[in-house]
Amino acid sequence: MRITFLGTGTSHGIPVIGCSCPVCQSTDIHDKRYRASIMVEDGDTTIVIDTGYEFRLAAVRAGLKKLDAVLYTHSHSDHIMGLDDLRVFTKEKSLPVYGSKKTLDHIRKVFDYAFSTHDWPHECVDKEEEDAIRELKKHNYGLPLLSANVVNPYEKFRVGSLEIEAIPAMHGLMEVFGYRIGPFVYITDVSLLDEKALMAIKGCDTLVLGALRERQHPTHFTFKEAEEVARLSGCRVCYFTHINHETSYEEIMRRYCPLCMSSYDNLVLEV
Ligand SMILES: [Zn+2]
Ligand SMILES: [Zn+2]
Ligand SMILES: [Zn+2]
């Protein structure tokens, strides 16, 4: 299974607009971060977790050609606003998206038009228009066409060759989903994992955890908190993601290696 980090930054991305701090001004490519998202490939199966603002840019950069499903962690805008660009994958058939009921309900509110087939708004005036409309209709008028699949906490489901388990976690007061895919676990935007969730990630090989910065935050783990979870999980290696501009890639590597590392955009892992 191959994991590609499409984005590893917090909601602002890095550089932050107009910011002149050292990390935003850094020339190290590891300090350029799109909004957090990953691509998982296994044989013929390709999935993406979250589609933030830079989904199109990241997908082009990573060479994404086919997509079997999208898993959503939650519906904050930095995780969903690239959704419209999924339409290139829905020309022939709808694309399944997975998430909790709450997450999918909210996404459906924001992208109402992406979950249903459409009809032409007026009667066709002649045969020529009718033919043109029929042709357009085949591709749902160029709109994305997604099918919503509600997943419950700890439910296991399959996409192609991948068996996936939804792991609930708290992001402040909001429940989000992380996902376990065999030896790999991805949980971002998290400030608390309960005992049951910890058991569910126990013994994984590679853990990707949202870790915002050194200072405390009400809805995200600090690096230290994430490191502690990594230790409790018994993982071989943990990559921080959803990182903000207060700490450079190089500083994180210096402070938290070897158990924890900083992910970076375009990092590819074989798990
Ligand atoms: Zn986020
Ligand atoms: Zn900055
Ligand atoms: Zn969030």
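One can find the structure itself at the top, above this paragraph.
Residues numbered from 1 in each chain as written. Chains lettered and ligands numbered in written order. Predicted model: local features only at pLDDT ≥ 70, side-chain atom pairs only at ≥ 80, totals over all residues. Heavy atoms only, no water.

Colleague: When you look at unusual backbone geometry in this model, what are you seeing that I'm missing?
Modeller: With glycine set apart, most residues show a phi of negative sign, and most peptide bonds adopt trans. Cis peptide bonds are those with omega within 30 degrees of zero, and the linkage from Ile-14 to Pro-15 qualifies with 0 degrees. Here the bond from Cys-257 into Pro-258 is cis, since omega is 5 degrees, no more than 30 degrees from zero. Structurally, the position occupied by Pro-258 is in the loop between α8 (249-256) and β13 (260-262). The phi dihedral of Tyr-154 is positive, around 65 degrees, even though this residue is not glycine. Taking relative accessible area as the criterion, Tyr-154 reaches 18% and is therefore assigned buried. A positive phi angle, close to 55 degrees, is found at His-242, a residue other than glycine. Along the polypeptide, His-242 turns up in the loop between β12 (237-241) and α8. The class for His-242 is buried, based on a relative accessible area of 1%. (Helix = DSSP H or I, 4+ residues; strand = E, 2+ residues; numbered from the N terminus. Buried < 20%, exposed > 50% of the residue type's maximum accessible area, 1.4 Å probe, protein only.)

Colleague: Whenever I open this one, empty space enclosed by the protein confuses me. Can you help?
Modeller: Take a probe with the size of a water molecule and roll it over the atoms, and the empty space left behind shows itself. Counting across every chain of the model gives one cavity of 30 Å³ or more. Taken as a whole, the largest cavity spans an internal volume of roughly 50 Å³. Every residue lining the largest cavity is listed: Leu-6, Tyr-34, Arg-35, Ser-37, Thr-51, Gly-52, Glu-54, Phe-55 and Ala-58. Considered class by class, the residues forming the lining of the largest cavity number four nonpolar, three polar and two charged. (1 Å grid on protein atoms, 1.4 Å probe; cavity = no way out; pocket = protein on both sides within 12 Å on 5 of 7 lines; lining within 4 Å. Points joined across faces, edges and corners; volume = space filled by probe spheres on them. Nonpolar A, V, L, I, M, F, W, Y, C, P; charged D, E, K, R; others polar.)

Colleague: Quick question: what am I supposed to make of the sheet that holds strand β2 (residues 37-42) here?
Modeller: Backbone hydrogen bonds are what pair the strands of a sheet, in a parallel or an antiparallel way. As summarised here, the arrangement of the seven strands in space is β6-β5-β4-β3-β2-β1-β14, forming an open sheet in which the pairing is mixed. Among the strands making up the open sheet, the edge pair consists of β6 (146-150) and β14 (268-270). For this sheet the average axis-to-axis angle between neighbouring strands, irrespective of direction, equals 20 degrees. In this structure, strand β5 (residues 95-99) lies alongside β6, joined through five bridges in parallel fashion. (Pairing = 2+ DSSP bridges. Axes fitted to C-alpha atoms, helices over the stretch in contact; angles between N-to-C directions.)

Colleague: Any chance you could explain the environment of His-171 here in plain terms?
Modeller: Mapped onto the elements of the fold, His-171 is located in strand β8 (residues 162-171). A sequence separation of 22 residues divides His-171 from Leu-193, and the C-alpha atoms of the two residues are 9.3 Å apart. Beyond its immediate stretch of four places on either side in the chain, His-171 contacts His-74, His-76, Val-176, Asp-189, Val-190, Ser-191, Thr-219 and His-220. Here the side chain of His-171 touches Thr-219 through a polar contact of 2.8 Å, landing on its backbone oxygen. (Contact = heavy atoms within 4.5 Å. Polar contact = N/O pair within 3.5 Å; in protein donor to acceptor, adjacent residues only side chain to side chain.)

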